[in-house]
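Residue strings, one per chain:
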Amino acid sequence: YLLPFVKGSAEWPHEQITEYRISPLVNQFFRILSTRYQEPGWLEVSEKLREGYSSYDHSLFLTAAYQEKLQAE
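Residues numbered from 1 in each chain as written. Predicted model: local features only at pLDDT ≥ 70, side-chain atom pairs only at ≥ 80, totals over all residues. Heavy atoms only, no water.

### A word on the overall build of the protein chain
A count of helical and extended segments in the protein chain gives four helices and zero strands. Ordered by position from N to C terminus, the α and β elements of the protein chain give α-α-α-α. Looking at the protein chain as a whole, 29% of its 73 residues are labelled buried. Approximately 5600 Å² of the protein chain is accessible, and the part contributed by carbon and sulfur atoms is 57%. (Helix = DSSP H or I, 4+ residues; strand = E, 2+ residues; numbered from the N terminus. Buried < 20%, exposed > 50% of the residue type's maximum accessible area, 1.4 Å probe, protein only. Areas by Shrake-Rupley, 256 points an atom, 1.4 Å probe, with all protein chains shown as cover.)

Listed below in structure tokens is the structure:
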């Protein structure tokens, strides 16, 4: 449900109460979702978000195995 809104391909249909920012930790959750549910769109979102982070995200080590599995399939 959320992927089109996070990607920006659909407009959020509800009242936007505050501006949101996706933290590096939540971004890693997107990578896990991508593998667990075979949805490469979440990996695309994650890669795009990483471009906006100011420094290297060490939490990538937490999801390296998930990314490798997705690429192998």
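### Quick notes on the pattern of salt bridges
Here the structure, examined in full by the defined rule, presents three salt bridges. For the salt bridge of Glu44 with Lys7, the shortest nitrogen-to-oxygen distance reads 3.6 Å. A residue pair is termed long-range when its members are at least 10 positions apart, and Glu44 in helix α3 (residues 40-51) and Lys7 in helix α1 (residues 3-7) qualify at 37 residues. Note that Arg31 is salt-bridged to Glu47, the shortest N-O span being 2.9 Å. Remark: Glu47 occurs in helix α3 and Arg31 occurs in helix α2 (residues 24-36); sequence separation between them is 16 residues. (Salt bridge = Lys/Arg side-chain N within 4 Å of Asp/Glu carboxyl O.)

### So, the nonpolar core
If you look at the biggest cluster of nonpolar residues, it comprises seven residues: Leu3, Ile22, Phe30, Leu33, Trp42, Val45 and Tyr53. If we skip the residues at most four places from it in the chain, Leu33 touches Gln38 and Trp42. (Core = buried A, V, L, I, M, F, W, Y, C linked by side-chain atoms within 4.5 Å. Contact = heavy atoms within 4.5 Å.)

### Details of the side chain of Arg31
Relative accessible area serves as the criterion here: at 2%, Arg31 is assigned to the buried category. A polar side-chain atom of Arg31 sits 2.9 Å from a polar atom in the side chain of Glu47. (Polar contact = N/O pair within 3.5 Å; in protein donor to acceptor, adjacent residues only side chain to side chain.)

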